[in-house]
Number of protein chains: 2
Amino acid sequence: MTPFDALIGTELELVEKALQQTLTGSDLEASVNALCLNMVNAGGKRIRPAMVLLCAKAAPYYDPERDQDRAVKLAAAVELLHTATLIHDDVIDNSSLRRGIPTINSTDGNHAAVLAGDYLFTRCFNLLKQLNSLEALGAISDTIATLVSGELMQLKKEGSLDLTREDYDYTIYCKTGALFELSAAAFAVLNQRPHAEIEPLKAYGRAAGCAFQIADDNLDYAADSKVLGKEAGTDLADGRITLPVLIALERSTGAEREDLVQAVAQDDFAAVKDAIERTGALEYCAHEALLQAQAAKDALAQLPDSPYKEALALLAENAVKRGH
Amino acid sequence: MTPFDALIGTELELVEKALQQTLTGSDLEASVNALCLNMVNAGGKRIRPAMVLLCAKAAPYYDPERDQDRAVKLAAAVELLHTATLIHDDVIDNSSLRRGIPTINSTDGNHAAVLAGDYLFTRCFNLLKQLNSLEALGAISDTIATLVSGELMQLKKEGSLDLTREDYDYTIYCKTGALFELSAAAFAVLNQRPHAEIEPLKAYGRAAGCAFQIADDNLDYAADSKVLGKEAGTDLADGRITLPVLIALERSTGAEREDLVQAVAQDDFAAVKDAIERTGALEYCAHEALLQAQAAKDALAQLPDSPYKEALALLAENAVKRGH
């Protein structure tokens with residue numbers, strides 16, 4: 001299922017079990033559980049849980065007997081949080097396709113999707129409570145706040161061409177980097193490890209997440225809906241100015257620039273895509289993603305050598321190859 | 001401002017300060033803070049924070065020096081949670097008026113309202129984190145899950161006339177009773193008091209909350225929009241079958257019953273209101289609310305006599321006099 005099965009296959013299966021179990025409840029909750037499970041099971045690639053587990057097992061103090069269940073719960077909680085934010089994002093963006101299946105808002109309405117997202121937040125907190133760690137709960141709560149900030153930044157700058165590269169970097173940190181940062185550092189936070197150990201893990205997750213998001217933003221101008229598992233061209237349609245457009249604008253002058261500005265304003269996907277191809281923006285962005293992946297790998301230096309560390313490097317490399 | 005100013009006026013002012021402070025952040029968050037503050041400041045009556053504070057100060061072990069700040073933080077957290085659920089409820093119900101002002105979904109769209117609600121959840125957790133209590137965090141998280149369950153129950157039974165009295169009681173417990181239950185017990189939970197002390201407090205809050213909700217459901221058929229601070233007749237329009245309708249149905253037979261069923265199906269507010277008046281359903285419901293208020297007062301028996309205990313009895317009595 002993942003290239004890491006030999007290292008964390010057992011734990012990933014336990015994560016699946018934990019996800020199913022946490023979404024099995026009373027009769028009353030049967031309908032919301034079904035909605036959530038449908039989305040949880042729809043083939044997300046479990047990159048975040050894999051990162052939690054690999055970072056846990058890469059730690060020299062990891063003790064399978066004592067720590068497996070705790071790492072699995074953390075990994076499942078992170079996936080629940082991720083899925084909750086996807087469900088709310090789909091309401092916000094009015095999306096109809098996610099992970100290759102219809103979104104909850106499209107099949108059951110915004111009301112059900114808002115509730116399903118809230119419900120997954122509570123399921124996530126419920127799992128974390130079992131770990132008896134205020135630190136882990138605090139880290140998750142802060143991450144949700146950052147995710148919300150990123151969405152707000154995006155809404156505020158919707159369709160605006162005065163978005164700077166700094167704004168873009170901040171937005172992708174909030175919407176993707178922060179949750180990867182949490183995934184990488186969660187086990188160390190849970191174990192109250194010193195700052196000097198936690199920071200490089202956060203840097204690893206953050207950079208890998210940003211690599212991932214840049215690659216994903218590229219894909220929206222490079223792939224068709226079938227490969228993407230969601231509609232292509234949605235960034236433009238939703239007024240999200242991403243790095244390919246920023247670079248294409250930066251590399252256009254005179255009439256070409258004016259035409260591009262016009263095309264963006266009119267959501268003219270074909271014309272924007274042409275400009276992106278003409279200016280070589282996708283290649284530039286692919287290189288930026290690679291730089292982030294490299295930064296992620298560099299941040300692993302502190303970890304003792306192990307197959308888990310190698311897998312984490314591979315995970316960062318893979319991040320740039322394909323979107324969510 | 002409240003009839004309890006002499007007892008908890010100082011603490012209620014500190015709650016207001018804590019609410020403002022927790023919604024003052026970075027530039028990025030300025031717009032969401034403004035949206036949330038607008039709703040937080042729009043004249044909610046702070047019944048839940050008042051309950052938190054009165055229950056705290058009614059406790060024989062309450063020490064002002066040590067406990068004031070903790071009780072205030074709990075009270076503010078409960079109000080943030082309440083406001084978050086109101087904002088999401090307005091998205092779910094597509095409401096345009098709340099606390100006498102336009103809802104966030106009506107002025108800024110569903111996307112902003114979903115995010116604003118999520119953001120308030122994180123602000124609530126942030127306040128609670130400062131209390132260093134897994135118990136309090138756990139209680140809040142469970143309460144959110146119950147609130148979501150209640151909304152789901154409501155959605156599931158939307159417009160359905162096979163709603164039983166049991167269903168109704170469960171729904172109002174979830175949507176209102178649970179948060180009052182938390183408000184009453186929060187300080188005792190924070191202080192890890194024994195079960196035998198916490199349970200009667202929960203029973204008090206639960207019954208007061210249900211009294212409050214029954215009175216509120218009555219008001220939707222008895223008041224006009226100006227008194228209500230939101231549109232009258234919305235329960236029927238949104239397909240929520242509440243106690244006045246249940247009772248009117250129970251007390252109607254033959255053609256009258258068929259007419260009422262028809263009127264409910266067609267959202268014919270005037271006809272439903274007529275049936276409710278004809279059957280004396282509002283009087284019955286008012287009596288049910290009084291019974292709940294009495295149950296709440298009975299649950300206070302365990303507390304030592306104090307002005308705070310008297311105020312809690314008054315709070316339960318007041319609950320039936322006016323809605324949210």
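Chains are numbered independently. Their residues run from 1 in the order of the written sequence. Ligands are numbered from 1 and chains lettered from A, in the order in which they are written. Local features are withheld for residues below a pLDDT of 70 in this predicted model, meaning they are given only at 70 or higher, and side-chain atom pairs are given and counted only at 80 or more; totals for whole chains, interfaces and linings count all residues. Side-chain figures throughout are based on the complete set of non-hydrogen atoms in the structure, without hydrogens or water.

On to the confidence of the model for chain A, then. Residues and elements named next belong to chain A. As a per-residue quantity, pLDDT reports the predictor's confidence and falls between 0 and 100. Confidence in the prediction of chain A, expressed as mean pLDDT, is 89, and 95% of residues score 70 or more. Looking at the elements of chain A, mean pLDDT is at its lowest for helix H9 (residues 225-228), recorded as 58, and at its highest for helix H3 (residues 47-58), recorded as 97. Scored by ipTM, the complex comes to 0.77, with pTM at 0.84. In this description a helix means any DSSP run of H or I spanning at least four residues, a strand means any run of E spanning at least two, and both kinds are numbered starting from the N terminus.

What follows concerns helix H1 (residues 5-22) of chain B. We define the bend at each residue as the angle formed by axes fitted to the 7 residues ending at it and the 7 residues starting at it. At B:Glu11, H1(B) is deflected by roughly 30 degrees, the largest bend along its length. Summary of the burial criterion: residues with accessible area below 20% of their type's maximum are buried, those above 50% are exposed, and those between are partly exposed, where the area comes from a 1.4 Å probe applied to protein chains only. Regarding H1(B), the residues found buried are B:Ile8, B:Gly9, B:Glu11, B:Leu12, B:Val15, B:Ala18, B:Leu19 and B:Thr22.

Definition used for salt bridges: Asp or Glu carboxyl oxygen within 4 Å of a side-chain nitrogen of Lys or Arg. Evaluation of the coordinates by the stated rule reveals 36 salt bridges over all chains. When the shortest N-O distance is used, the salt bridge between A:Glu181 and A:Arg206 registers 2.6 Å. Placement of the pair is A:Glu181 in helix H7 (residues 165-190) and A:Arg206 in helix H8 (residues 195-219), with a sequence separation of 25 residues. According to the relative accessible area criterion, A:Arg206 is partly exposed, its value standing at 30%. Linking B:Glu11 and B:Lys57 is a salt bridge whose minimum nitrogen-to-oxygen distance equals 2.8 Å. Of the two residues, B:Glu11 sits in helix H1 while B:Lys57 sits in helix H3 (residues 47-58), which places them 46 residues apart along the sequence.

Our focus in this paragraph is the nonpolar core. Nonpolar side chains in soluble globular proteins tend to be buried together. Membership of the largest hydrophobic core comes to 177 residues, with the highest contact counts inside it found for A:Tyr204 and B:Tyr204. Residues count as neighbours in contact if any of their non-hydrogen atoms are within 4.5 Å of one another. Excluding residues that lie within four positions of it along the chain, A:Tyr204 makes contacts with A:Met51, A:Cys55, A:Ala184, A:Ala296, A:Ala299, A:Leu300, A:Leu312, A:Leu315 and A:Ala316. Note on terminology: a nonpolar core comprises buried Ala, Val, Leu, Ile, Met, Phe, Trp, Tyr and Cys residues joined through side-chain atoms within 4.5 Å.

Quick look at the relation of the copies chain B and chain A now. Least-squares fitting of one copy onto the other uses the C-alpha atoms of those residues that reach a pLDDT of at least 70 in both copies. Overlay of chain B on chain A (RMSD 0.0 Å): rotation 180 degrees, translation along the axis 0.0 Å. Those values place the two copies in the arrangement expected of a two-fold rotation axis. Across chain B, the smallest distance between a C-alpha and the rotation axis is recorded for B:Leu134, namely 3.1 Å. Comparing interface residues between copies, 100% of those in chain B also sit at the interface in chain A, which points to an isologous, same-surface contact.

In this section: the interface of chain B and chain A. With 37 residues of chain B in contact, the opposing surface of chain A contributes 37 residues. Between chain B and chain A, roughly 3,300 Å² of surface is buried when both sides are summed, and carbon and sulfur atoms account for 75% of that area. On inspection of chain B and its partner chain A, the count reaches two salt bridges. With a shortest N-O distance of 3.1 Å, A:Lys129 and B:Asp142 are connected by a salt bridge. The definition of a polar contact used here is a pair of N or O atoms within 3.5 Å, where within protein one atom must be able to donate a hydrogen and the other to accept one, and adjacent residues in sequence count solely through side-chain atom pairs. Taken together, the links from chain B to chain A amount to four residue pairs in polar contact (both at pLDDT 80 or more). The set of elements that each furnish at least two residues to the side of chain B that touches chain A consists of helix H4 (64-93), helix H5 (104-129) and helix H6 (134-156) of chain B. Tallying contributions element by element places H6(B) first for the side of chain B that touches chain A, with 14 residues. Once two parts are joined, some of their accessible surface, as seen by a 1.4 Å probe, is lost; buried area is that loss totalled over both.

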